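# Structure at a glance
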Amino acid sequence: MSGTIPSRAPSSELDTIPKLLLRNASRLAARPAYREKDLGIWQTWTWAQVRDEIRELAIGLYILGLKRGETVAIIGDNRPRLYWTFAAAQSIGAIPVPVYQDAVAAEMAYVLSHAEIALAVVENQEQVDKVLSLADQIPTLRRIVYEDPRGLKKYDHTRLHSFEEVQSLGRQELKTNPATDDWWHEEIAQGSGSDISVMLYTSGTTGQPKGVVLSHENLIRTAVNANAFDKLSEKEEIIAYLPMAWVGDHIFSYGQAFAAGFCVACPESLETAMEDRREIGPTFFFGPPRRFEAGLTDIVVRMQDASRLKRWMFDTFMRIARRSGEQILEGKPVPLSDRLLYWIGDKLVYAPLRNRLGLSRLKIGYTAGEAIGPEIFRFYRSLGINLKQLYGQTEATVYITMQPDGEIFADTVGPPAPDVDIRIADNGEVLFRGPGVFQHYHKNEAATAATKNADGWVHTGDAGFFDSRGHLVIIDRAKDVGHLNDGALLAPKYLENKLKFFPEVKEAVVFGDGRDFATMFINIDLVSVGNWAERNNVMYGSYQELAGHPEVYAMIERRVDEINAQLAQEPKMASSQIRRFLVLPKELDADDGELTRTQKVRRGFIADRYAPLIRALYDGSKECHIRTEVTFEDGRKGMIEADVRIVDMPTHQPMATALKEAAE
Amino acid sequence: MKADAALLDRTPLGALPEEREVLLAVENVSLSFGGVRAIRDVSFDIRKGEIRAIIGPNGAGKTSMLNVVNGFYHPQQGTITYKGRRRHQMRPYIAASQGIARTFQNVALFKGMSTLDNIMTGRTLKMRRGILAQAVYWGWSQKEEIRHREVVERIVDFLEIQHIRKTPVGKLPYGLQKRVELGRALATEPELLLLDEPMAGMNLEEKQDMSRFVLDVNDQLGTTIALIEHDMGVVMDLSDRVVVLDYGQKIADGTPEEVQNNQSVIDAYLGVAR
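Let me begin by describing the structure that accompanies this report. The structure presented is a predicted model; accordingly, all values stated were derived computationally and were not measured.

For chain B, the count of helices and strands is 11 helices and 10 strands. For a compact globule of 274 residues, the expected C-alpha radius of gyration is about 19 Å, and chain B comes in at 19 Å, within 12% of that figure. Taking the principal axes of its C-alpha atoms as reference, chain B extends roughly 65 × 40 × 40 Å. Residues classed as buried in chain B amount to 52% of the 274 residues present. Within chain B, residue pairs in contact and separated by at least 24 positions form 67% of the contacts whose partners lie at least 6 positions apart. Taken as a whole, chain B presents about 13,000 Å² of accessible surface, with 53% of it coming from carbon and sulfur.

A common measure of how large an interface is: the accessible area buried when the components associate. Taken residue by residue, the interface counts 15 residues in chain A and 17 residues in chain B. At the boundary of chain A and chain B, one finds 4 salt bridges. A salt bridge links A:Lys154 to B:Asp219, with the shortest nitrogen-to-oxygen separation between them at 2.6 Å. At the junction of chain A and chain B, the tally comes to 4 residue pairs in polar contact (both at pLDDT 80 or more). Split by residue class, the side of chain A that touches chain B holds 2 nonpolar, 3 polar and 10 charged.

Residues and elements named next belong to chain A. Relative to the helices and strands, Asn218 is located in helix α8 (residues 216–229). The exposure class of Asn218 is buried, given its relative accessible area of 3%. Among the polar contacts listed, one links the side chain of Asn218 to the backbone oxygen of Pro435, at a separation of 2.9 Å.

The next thing to look at is a nonpolar patch on the surface. Residue and element names in this part refer to chain A. The grouping of Leu340, Leu341, Trp343, Ile344 and Leu348 at the surface amounts to a nonpolar patch, some 480 Å² of accessible area in total. Counting through the fold element by element, Leu340 comes out in helix α13 (residues 336–357). Judged by its relative accessible area of 55%, Leu340 falls in the exposed class.

Our next topic: the side chain of A:Asp467. Within the secondary structure, A:Asp467 is located in the loop between β19 (458–466) and β20 (472–477). When sequence neighbours within four positions are dropped, the list of residues in contact with A:Asp467 reads A:Thr412 and A:Val473.

On to the sheet that holds strand β2 (residues 36–47) of chain B. Residue and element names in this part refer to chain B. Read from one edge of the open sheet, 4 strands run β2-β1-β4-β5, paired in antiparallel fashion. At either margin of the open sheet sits one strand with a lone partner, and together these are β2 and β5 (85–87). The sheet shows a mean angle of 15 degrees between the axes of neighbouring strands, taken without regard to direction.

Turning next to the pairing of strand β8 (residues 196–202) of chain A. Residues and elements named next belong to chain A. By the criterion of burial, β8 is predominantly enclosed, with 6 of the 7 residues buried. Here β8 runs beside strand β9 (residues 210–215); their pairing, made up of 6 bridges, is antiparallel. Looking at the pairing, Leu200 lines up with Val212 of β9.

Our focus in this paragraph is unusual backbone geometry. Residue and element names in this part refer to chain A. Notably, Asn537 is not glycine yet its phi reads approximately 55 degrees, a positive angle. If you trace the backbone, Asn537 turns up in the loop between α17 (526–535) and α18 (543–548). Classification of Asn537 by relative accessible area gives exposed; the value is 67%.

Calculation rules
Residue numbers here run from 1 along each chain, matching the order of that chain's written sequence. Think of it this way: whatever chain is written first is A, whatever ligand is written first is 1, and the rest follow in order. Totals for whole chains, interfaces and linings use all residues, but because this is a predicted model, local features are given only for residues with pLDDT of at least 70 and pairs of side-chain atoms are given and counted only at 80 or more. Here the side-chain values reflect all heavy atoms present in the structure, with hydrogen atoms and water set aside. Numbered from the N terminus, helices here are DSSP runs of H or I no shorter than four residues, and strands are runs of E no shorter than two. Just to be clear, the radius of gyration here is over C-alpha atoms, and the globule rule we use is 2.2 Å times residues to the power 0.38. Burial classes follow relative accessibility: with a 1.4 Å probe on protein chains only, a residue under 20% of its type's maximum area counts as buried, one over 50% as exposed, and anything between as partly exposed. The contact definition used throughout considers only heavy atoms, calling two residues in contact when any of these lie within 4.5 Å. The protein chains shown are the only cover counted for residues, whose accessible areas, like all others here, come from Shrake-Rupley with a 1.4 Å probe. Note on definitions: salt bridges are taken to be side-chain nitrogens of Lys or Arg within 4 Å of carboxyl oxygens of Asp or Glu. In protein, a polar contact means a hydrogen-donor-capable atom and an acceptor-capable atom, both N or O and within 3.5 Å, with residues adjacent in sequence counting only if both atoms are side-chain atoms; elsewhere, any N or O pair within 3.5 Å suffices. Only Asp, Glu, Lys and Arg are considered charged, only Ala, Val, Leu, Ile, Met, Phe, Trp, Tyr, Cys and Pro nonpolar, and every remaining residue, Gly among them, polar. Patches were defined on residues exceeding 30% relative accessible area and lacking a salt bridge, with like-charge contacts within 9 Å and nonpolar side-chain contacts (Val, Leu, Ile, Met, Phe, Trp, Tyr) within 5 Å. The pairing criterion for strands is at least two bridges between them, as found by DSSP. All axes are obtained by fitting lines to C-alpha atoms, using only the stretch in contact for helices, and the reported angles, taken between N-to-C directions, cover 0 to 180 degrees.

Encoded structure:
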């Protein structure tokens, strides 16, 4: 990281991002590289223009004193100029460090001082204010460059520069001293694949964030592999709307864009991203599951208000899509009649829906991060949208597994990505090795050693297994995975997620670590179950009454049975079928400390609070009396009391045993 | 961003408020409706580039005062001097064409029209082509519309309402409607902007946003602002000088600190018997 090595021979391979920039500028000179909406009109820069912009910026930054090996913070929404800052810094050997733009000043302070930032390039006044307020905590920080001058006119400009100003410094220098251009190209030639390309701080659920150091080789090899995997070319368009500090955006909208030379469009603002997506029509798109969920909800809600004819069309053709849409997408045989109906449906329903979602031109869509509901996943695929899943993390430069076309399953994340090896440790933890394996954590050798071993295997911290098709299934965080007394794996979150995909279930809490079998608390979803009750003339006076209603119990019982049947199909999971469950008389609530503020179940707290219920789940009783405190919305506290019924569930025979018995 | 410069760059106003030139002066104005004396012999001035607040308890004559300033009401006595020209009464079209714009206490937008179209109506006075030419929409009138649309887009960018460009304003939450109304007033490129309770009915966050826009308009566009507001926190933070009315009379005039410590203002707000 410290300074240049003068003796190093310039390498001519395409092993750094700035070298890819030069290649794109000569080979794809007139092709669009970046788009941004200005005053309501999309503005486009070609690769040749982008090279010139980046060159001016790089020279300007150099004149401002940025040196090889120093770090540059990049803070703001996805803006072309901020993406260019990455390449400009890299071209002169500096290291970009993107920072989450919505972090408050105190959170930012740690990253900026830990990374020893020399220069910060930020989007607007808001970010300038944050960085200025931290200036005395970051002794290394010398200058701040801002993109949007609004509101900054009256600021002291001794250490503050506008983006324009920096670029014009570079422009001037190029004009007065023509050799500058050669100098810049030499600077780029000095870079090599093993140089540090970027430092990405992981949000870190525990402790301070860690700076993941990635080399150019990490980025380029992963990007090239991923582009080849999905046949992405310079013709793709992507819309960059996820935080630039997140590794996903850095690969999709920067690494892969430079490697393939495709076009990155930046939305006008976060609120317009959806609208802008419809205008751009990306061919490659990544969205977290909740985005796809929101898209589906939006359609369903709108359909409920649509005319009778439209509703009929939607229902009819969605039935056909569910039946054969996915097979058609995957090129599998489908009866001619269905093919014909699907064609008509495409004209009438699917194509307009794809357009509404802004996915008309989509070739590849990915989702990852958390489990996606199989219904949601299939809905998109049946419309002819090639939505796939991947599994990755910052330490892997994203890709650990990805689903190849034709092998898409809602419940797996796919086989290992190209050149990636995966191994499952004895405790169920997923380990990987591959071209994307990070270099080290910045200034944190202990954490590096704990995560990455000498042979290059990296601990993901996630537990998983390979199913019979060779696809990885991620079940939980490794530290949350427990064992039943017979030694079988128990992955609470995996089971809970399966149940939560049913609309009637709001929360589920699984117990069983160190016990003989798995049991479960269930929280019904008041909106969904309330609706159901209304339609089915089920009378109830309170949440508690609804939760204890025999018909509600019967419905939940059917759901749990479905899950058990699914679990029986998976040899590793068959033992953790739910034997007993109960429906909680009270909604789990963050105000009562049962959920975190981000709505995650606090298992330990719940186990303590409802200890009598857990005891009853395991002592065979049919009913249990519980008295517990609730906090009302206005902050008052009260007690609720209830007799909670406990249901015994039959278990399904595991598939493997069933086969064996059938054979005998 | 950089495109803002043209619209946003006006002469810098380095001087302190009290040294700046007077943009508008109201002298000895009285206004009555039949027997009701809404304004009694009030004089004050608004200086170039300042934010001037008009406050007072309900029925003190604040909105009447704004209506006098933009020519909607005609005072029986007194004079209004705007940009050096002294008038006995202002007329609304003179006010509008000479650079006075306003927003209203209750949002007065065209509910069925989009945000863009609403702001575009603010450009009407600046349009030079006749109805016929605009209907044909060719040549000059097309160019003219493109030019006006650009100004509107800069306002959209300035007020950060890109996401509601095409939404009918009737569907928007109140806070955003207020912002669109401010946008329409800005579209006239005013020198003096009159804001009648810009934060009324807003929640804290909306108030913070609106305050920031008011400051930005003043700071970036150099627009002089006169505002009526009930939220004292907002008034004290935003304004350079405050004039206080009570029962149609001026009872105080000065910086926020001076006004805050003025006994008659305290009495007026606490309702001390006179």
